[in-house]
Amino acid sequence: MVENLFVVRAAESRDDAAIAGLVVEGFLDKFRPVFGSRMDRTVKIMEKWVRLEHSLGGVSSLVIEGSGPEEILASVGIRIGSSDDDALARGLWRALRRHLGFVRAGWAATLLSYPRYVANSSEAYVERLVVSGEHRNRGMARALLDAAEALARESGKRTVGLHVSGGNAAALKLYESYSYEESSRQHSLLTGYFLGIRDWLYLQKEL
Ligand SMILES: CC(C)(COP(=O)(O)OP(=O)(O)OC[C@H]1O[C@@H](n2cnc3c(N)ncnc32)[C@H](O)[C@@H]1OP(=O)(O)O)[C@@H](O)C(=O)NCCC(=O)NCCS
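Residues numbered from 1 in each chain as written. Predicted model: local features only at pLDDT ≥ 70, side-chain atom pairs only at ≥ 80, totals over all residues. Heavy atoms only, no water.

Novice: Sorry if this is basic, but what is going on with the site of the ligand here?
Specialist: Residues in close proximity to the ligand total 20 residues, the closest being Leu129, Asn137, Gly139, Arg142 and Asn168. Gly139 places a polar main-chain atom, nitrogen or oxygen, 2.8 Å from an oxygen atom of the ligand. The side chain of Asn168 places a nitrogen or oxygen atom 2.7 Å from an oxygen atom of the ligand. For the ligand, whose accessible area on its own is 910 Å², the fraction buried by protein is 75%. If you list the elements that add at least two residues to the shell around the ligand, you get strand 4 (123-131), helix 6 (140-154), strand 5 (159-165) and helix 7 (169-177). Ranked by the residues each element gives to the shell around the ligand, the list is headed by helix 7, at five residues. Partitioning the shell around the ligand into residue classes produces 11 nonpolar, five polar and four charged. (Near = heavy atom within 4 Å. Polar contact = N/O pair within 3.5 Å; in protein donor to acceptor, adjacent residues only side chain to side chain. Areas by Shrake-Rupley, 256 points an atom, 1.4 Å probe, with all protein chains shown as cover. Helix = DSSP H or I, 4+ residues; strand = E, 2+ residues; numbered from the N terminus. Nonpolar A, V, L, I, M, F, W, Y, C, P; charged D, E, K, R; others polar.)

If you want it as structure tokens, here you go:
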């Protein structure tokens, strides 16, 4: 099995910056219109976001290391704990405002609020699955998804849910092969116009 080639481990706080860098690289098309001329701040904002998710959002991250412990090739977040959504939103807003200024922060917060997710205590929510560009198509996403689902099972969850944009063919094919099924979708003219993402599909799988 290809999955056995990679060691998946739980992320530690020292991984936050590397995870943030990977997420920005993997979702560059989405972040560019959000952050505009302030793209240089994106990794810092994302690092803060990842840290807040870990401390307040009930999210754990899993990573695959490269040749050195500082090098992270792929990562995924999985929400299994309870989340203090208000504190999370306040923390993110403060980070956006500090790095972007009030007006741009408002714009970023609006676009980043998609897709909207309402947490469910019997569900694990998978987010920001990303593999570094040069390491794709080697089974790393599969290895992370396997580990995330195992964690969800161990935590007693009954379903796994995730969002994917309607045009993300690679991710859709991956989730389809894992028997995820569309349970709803959000249309957004705003993200359709500015991010090129009109449909956000919510997929679920029974464990
Ligand atoms: C989507 C992504 C995570 C896949 O990572 P990966 O490590 O290359 O995926 P794997 O090698 O584990 O491939 C698993 C399956 O995904 C699908 N897949 C991956 N890349 C694909 C591509 N370019 N085209 C079509 N299907 C693809 C295939 O079903 C593949 O299985 P197969 O090799 O048996 O055909 C990666 O392309 C990525 O990081 N993209 C940017 C971020 C992103 O869109 N994340 C998804 C958020 S919902």
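Novice: Quick question: what am I supposed to make of unusual backbone geometry here?
Specialist: Apart from glycine, the bulk of residues carry a negative phi angle, and the bulk of peptide bonds sit in the trans form. Following Tyr114, the chain continues into Pro115 via a peptide bond in cis, with omega recorded as -10 degrees. Along the chain, the position of Pro115 falls in the loop between helix 5 (102-112) and strand 4. Residue Arg128 is not a glycine yet carries a positive backbone phi of 40 degrees. With respect to the helices and strands, the residue Arg128 is situated in strand 4. One non-glycine residue, Asn137, lies in the positive phi region at around 65 degrees.

In short, geometric facts, not functional conclusions.
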